[in-house]
Every structure is written in C-alpha cells, then in structure tokens.
Amino acid sequence: MDLHDLTPAYALHALDDEERTRYEQHLPRCERCRDELAVLTESAAALAWAVEAPPPPARLRARLLETVAAERETVVPLRGRRPWQAIAAIAACVAIGLGVWAGTLSSRLGHERSHNHVLAIVADPASRKLPLQGHTGLVAVSPGGEGVLVVENLAAAPAGRTYEAWVIPRGGAPIPAGTFGGGDETTTVRLREHVPRGATVAATVELAGGVDAPTEKPLFSARA
Amino acid sequence: MASGNEGWHVRDSRHELAHLSDEALVALAARSEQTALAELYDRYGRPAYGLALRIVRDETLAEDAVQDAFVTVWRTAQRFVPEKGKASTWILTLVHRRAVDVVRREQRRRTDSLDAAPEQPGEGGADEEAWLRLQRERVQGALRQLPDQQREALELAYYGGYTQSELAARLGQPLGTIKSRMFIGLARLRELLGETATETRWTSTT
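These figures come from a predicted structure and were not determined experimentally.

**Brief notes about the overall build of chain A**
Piece 1. Within chain A one finds 7 helices and 8 strands.
Piece 2. Counting every position in chain A, which comprises 224 residues, the buried fraction comes to 50%.
Piece 3. Long-range contacts, defined as pairs at least 24 residues apart, comprise 53% of the intrachain contacts of chain A with a sequence gap of at least 6.
Piece 4. Entry remark: accessible area of chain A is about 10,400 Å², with carbon and sulfur atoms responsible for 52%.

In structure tokens:
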C-alpha cells in the first residue's frame, strides 16, 4: 500500500483503524505528507461550515466549563518560575514562550483593572515585542499601535518622585505616556499614547504627578 | 484558589477577549485561562455542534462529541503549534474525529442530504446569524460547483463517516478511484473557497 495515497482519506477521517495507525506511523517520517495533510485538513474543516443545524443547548457550554474548572483546580501552577526566564524562552519558541509568560503575567495582574487588555496585547502573537535597553523588560505593541511597557524588578520610585513613560516619535518630541510607581516584581504600564513604527518608548524619573517634558536622561528605552 | 464558579460571565469574556486571535486564545488556554476556552467555545461551539449533530444524528451523542473535543483542546493546548495550521481547523478537526468515532461505534451513519436539519435562531444575535449564513452559503456554493462524483465522495466520507474502503464498496468503484475523487475534490474545494475561505475570524459584536 502506498501510504502517501492515504493523505486525503486521513484528512477526512475516512481510514479504518489499521490504516490510520500505519499512516500515523508514517507521518513523522514524511515531510511531503505532512505538508499535504495540513492543506487538505484545512479544506476538509471548511466542510463543517456548510452544515445547517440548530444551535447547541446552553447546558453544553455550562457542562464544558464546569469540567474545565474542575480540572484546573488539579493543575499545579508554575511556582517560582521567573517571568523573565519565560520571556527568554520566547526567543526559542515564540508561541509557547508567550503562552507561558502571558499566563504567569496574568496571575500577577489579577488586581489590575485593565488586566485583560494588557494581557491581550502581550499575549497576541501579532503584537511586536521590543526588548528594553537599560533594564530587563519589553514593550509590546499591538498591530493597532497600542503599547504595554513591562519592566522586571523595578525599584519603587523615591519619595516625591514617579516614573514617567514617554513615546518619542521619530524626529519628534517626547509625549507623556503615563506615570507609574514601580516597586513590584513585574511592573506593567499600559501606554496612554499610541506607538508608531520607528518611535522610541522611554522612561525617566520625574516629580510626583508627572511632567510635560522629560527633565533627565531615560533610565531605559526600546525602539519600536 | 480557583473556585468552580469564577469567571463565567459570558458577555464579559467575549468583550475582553474578542479582539484576540484564535491562536492567542489557545496560548492562553494552555496556561489554564478558562475565559480563553470559553471564548473559543463561543466562536466555534455552534459549527462544532452542527457538524457533530449532522454526523451522529443524536443530540446527546453530538453534545458528547463536542464536549470531548473541547476538553481535548483544553488539555492539549500546550502542544498546539500555530505554524502547522489554524486553531479553528484544529478544533473542528477534533470535533469531526470524535463524531466519526462515535458514529462508527454506534453504527448510526446516515446519508441524508445536507439541508435535512432545520435551522433555528441561536442566541448570538443577528450579526452571528448573518455571519454563519454567509459561511454556510460560501462552502455550500463551492460544494455545488464540484463534479457530482467528487462531491458525493467528500460528503459520504466527511458527513457520513464512511471509510474509503466502505465507500468503494458502496459506490461500486475501485479504491483508487475513490482516493482520487477525495483528493481532487478537496484540492478543488480549496481553490473554489480561495484564500478567504479559511478566514473565519470572529468579529466583535459590540
């Protein structure tokens, strides 16, 4: 039997158990079949949308989420794992690293009102991640230009002072983008200003309450 | 820590996560974010249930197939690799596989025409209804453009749960003929649906 020939039937789940097993053993060794299968599976899945059917009963959603909630309680969280180690993993594997880090971050952001929005920007694979120069951290910029500044182990701002973020468009003047106090293991700041391509995001220490233009050199920055 | 009741405010979850891609939601589900799984269900639970019901022809069995598939999504989200394919394809493929397994076990296969099940309005509002109808019409339209024999092979396999050998026997054709009908049918379907066919991204209903 030519195993390559089984790809369309596999995509349609139209193999018997024995054929299916043989094909699945073959698959890791055959790049051509993997590529072809990815394409044909996509076509096959489109057929799902052609069905005319009533909506599922509400109890199905409730039952699913109940099951999932029960399983979640048995999951051991990644205790002690530093988010920054997880960020390092992003370089090796963007999707999985982000998932890990986003998850870790989410547990740290539980009290923040904008939690979900910050998390959404950080977790979205489509957003750009820019490493900070001068401190450990990054700036995540959504395709729409919304920015989130994430800083690790930033000491609390001195009494009477605050950290202030700036968005500096290429060739332009710094625009105030929000103040923050630091002092947390992970500081996240949702930038008030959009971050265009080519702009720099930076932070300085300023008088409490913030100022309209930076008065000292940036502590750290990232180029978008 | 997590109580069984936390975080299940449907509209909130949709509102907060609506602009995330399916793939980002899977990444969050991999980190045990339940609201991400809820959002994936809100996006794909309806076509998933419709597909399962079409195949197994029994509401309870269809619910079981969808439940199993989404629990599999939850448990194996960490292994999902976005580069290999879209999350929606992955989810619907899991549902399809479950339903086919069930129908073979139950010997329930039917081959009624596609529009046998009556349409009923869902709870998702007019936007969702219109979007689902659009998707359905596009894929049905593409199916109608296939030569009869190719469409028949795809429909019997995909909705009927028949194996390729059973199809060959049922249609009185050599196995090789069935294989090539399925292959050409799927390839042609891809062309007909074009690049946008697989763009089934949700748009916010807010």
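**Some remarks on the overall build of chain B**
Piece 1. Regarding its fold elements, chain B presents 9 helices and 0 strands.
Piece 2. Helices and strands in chain B line up, N terminus first, as α-α-α-α-α-α-α-α-α.
Piece 3. Looking at chain B as a whole, 55% of its 206 residues are labelled buried.
Piece 4. Of all intrachain contacts in chain B linking residues separated by at least 6 positions in sequence, the fraction that spans at least 24 positions is 68%.
Piece 5. Looking at chain B as shown, the accessible area adds up to about 9,300 Å², and 47% of this sits on carbon and sulfur atoms.

**Considerations on the nonpolar core**
Piece 1. Grouped together as the largest cluster of nonpolar side chains are 92 residues, with contacts concentrated most on Leu12(A) and Val66(B).
Piece 2. Broken down by element, this core gets its largest block of residues, 13 residues, from helix α3 (residues 34–56) of chain B.
Piece 3. Filtering out sequence-adjacent residues up to four positions away, Val66(B) remains in contact with Leu60(A), Tyr41(B), Ala48(B), Tyr49(B), Ala52(B) and Val95(B).
Piece 4. By size, the runner-up hydrophobic cluster in this structure holds 23 residues, among which are Leu130(A), Ala157(A), Ala199(A) and Ala222(A).

**Looking at the sheet that holds strand β4 (residues 161–168) of chain A**
Sheet strands pair by backbone hydrogen bonding; their relative direction is either parallel or antiparallel.
All names here are of chain A.
Piece 1. In spatial order, the strands read β5-β4-β7-β8; together these 4 strands make up an open sheet with antiparallel pairing. Looking along the sheet, the strands with just one partner apiece sit at the ends: β5 (175–180) and β8 (220–223). Going across the sheet, the axis of each strand differs from the next one's by a mean of 25°, ignoring polarity.
Piece 2. In the sheet, β4 pairs with strand β7 (residues 200–207) via 8 bridges, with the strands oriented antiparallel.

**So, helix α8 (residues 164–171) of chain B**
Piece 1. Of the residues making up α8(B), those classed as buried are Gln164(B), Leu167(B) and Ala168(B). Seen along its axis, α8(B) keeps its buried residues to an arc of 100°; they face one direction.
Piece 2. Among the structural elements, α1 (7–11) and α2 (17–26) of chain A together with α7 (148–158) and α9 (175–193) of chain B are those in contact with the buried residues of α8(B).
Piece 3. Within two residues after α8(B), Gly172(B) carries a phi angle of roughly 65°, on the positive side.

**With respect to the pattern of salt bridges**
Piece 1. As enumerated under the stated definition, the model contains 13 salt bridges over all chains in all.
Piece 2. Between Glu146(A) and Arg190(A) there is a salt bridge whose closest N-O contact spans 3.4 Å. Here Glu146(A) is found in the loop between β2 (137–141) and β3 (147–152), whereas its partner Arg190(A) is found in strand β6 (residues 186–190), with 44 residues between them in sequence.
Piece 3. Here Glu146(A) falls in the partly exposed class, since its relative accessible area comes to 25%.
Piece 4. A residue is classified by how much of its surface remains accessible, and Arg190(A), at 38% relative accessible area, is partly exposed.
Piece 5. Linked through salt bridges whose partners overlap, the residues forming this network are Asp22(B), Glu39(B) and Arg43(B).

**Details of the sheet that holds β6(A)**
Residues and elements named next belong to chain A.
Piece 1. Within the open sheet, the 4 strands sit side by side as β1-β2-β3-β6. Their pairing is antiparallel. Single-partner strands in this sheet number two, and they are β1 (128–131) and β6. Strand-to-strand, the axes of this sheet are offset by a mean angle of 20°, without reference to chain direction.
Piece 2. Sheet topology places β2 next to β3; 5 bridges connect them, and they run antiparallel. For Val-141, the partnering residue across the bridge sits in β3 and is Gly-147.

**Examining the packing of aromatic side chains**
Piece 1. Inspection of every chain in the model, using the stated rule, returns 7 aromatic pairs over all chains.
Piece 2. Aromatic side chains Tyr163(A) and Phe180(A) sit 5.4 Å apart centroid to centroid with 15° between the ring planes, which places their arrangement in the stacked category. Note that Tyr163(A) is positioned in strand β4 and Phe180(A) in strand β5, a separation of 17 residues in sequence. By the burial criterion, Tyr163(A) is buried, and Phe180(A) matches it.
Piece 3. Three or more aromatic residues joined by ring pairs make a cluster, and in this case those are Trp49(A), Tyr44(B) and Trp131(B).

**Thoughts on the pairing of β1(A)**
Residue and element names in this part refer to chain A.
Piece 1. As judged from the 4 bridges shared by β1 and β2, these two strands associate in the antiparallel manner. Looking across to β2, one finds that Arg-128 is bridged to Val-141.
Piece 2. In this structure, the hairpin formed by β1 and β2 is closed by a connection of 5 residues, where Gly-134 is found at a positive phi of approximately 100°.

**Focus: the packing of helix α6 (residues 125–145) of chain B against α9(B)**
All names here are of chain B.
Piece 1. With their axes 9 Å apart at the nearest point, α6 and α9 run at an angle of 130° to one another. Here α6 lies oblique to α9, going by the angle between them. You can see that α6 and α9 cross each other, and the crossing is right-handed. Listed contacts from α9 to Arg-138, Val-139, Ala-142, Leu-143 and Gln-145 of α6 are Leu-189, Leu-192 and Leu-193.
Piece 2. A class-by-class count of the residues in the contact of α6 with α9 yields 6 nonpolar, 1 polar and 1 charged.

**Examining the environment of Pro169(A)**
All names here are of chain A.
Piece 1. In this structure, Pro-169 sits in the loop between β4 and β5.
Piece 2. Each C-alpha atom, one on Pro-169 and one on Ala-199, is 4.2 Å from the other, the two residues being 30 residues apart in sequence.
Piece 3. Residues in contact with Pro-169, not counting those within four places in the same chain, are Ile-175 and Ala-199.

**Regarding the confidence of the model for chain A**
Residue and element names in this part refer to chain A.
Piece 1. On average, chain A scores 80 in pLDDT, and the residues at 70 or more come to 79%.
Piece 2. For chain A, helix α5 (residues 83–92) is the element with the lowest average pLDDT, namely 37, and α1 is the one with the highest, namely 97.
Piece 3. Every residue in residues 75–103 scores below 50 in pLDDT, and together they form 44 contacts with partners more than four places removed in sequence or on other chains.
Piece 4. Under a pLDDT of 50 for its full length, residues 106–114 has, in the predicted model, 14 contacts with residues more than four places off or in other chains.

Quick notes on the rules
Residues numbered from 1 in each chain as written. Chains lettered and ligands numbered in written order. Predicted model: local features only at pLDDT ≥ 70, side-chain atom pairs only at ≥ 80, totals over all residues. Heavy atoms only, no water. Helix = DSSP H or I, 4+ residues; strand = E, 2+ residues; numbered from the N terminus. Buried < 20%, exposed > 50% of the residue type's maximum accessible area, 1.4 Å probe, protein only. Contact = heavy atoms within 4.5 Å. Areas by Shrake-Rupley, 256 points an atom, 1.4 Å probe, with all protein chains shown as cover. Core = buried A, V, L, I, M, F, W, Y, C linked by side-chain atoms within 4.5 Å. Pairing = 2+ DSSP bridges. Axes fitted to C-alpha atoms, helices over the stretch in contact; angles between N-to-C directions. Arc of directions from axis to C-beta. Salt bridge = Lys/Arg side-chain N within 4 Å of Asp/Glu carboxyl O. Phe/Tyr/Trp six-rings, centres within 6.5 Å; stacked < 30°, edge-to-face > 60°. Parallel < 35°, antiparallel > 145°, perpendicular 65-115°, else oblique. Left-handed = near helix turned anticlockwise from the far one by under 90°. Nonpolar A, V, L, I, M, F, W, Y, C, P; charged D, E, K, R; others polar. pLDDT = per-residue confidence, 0-100.

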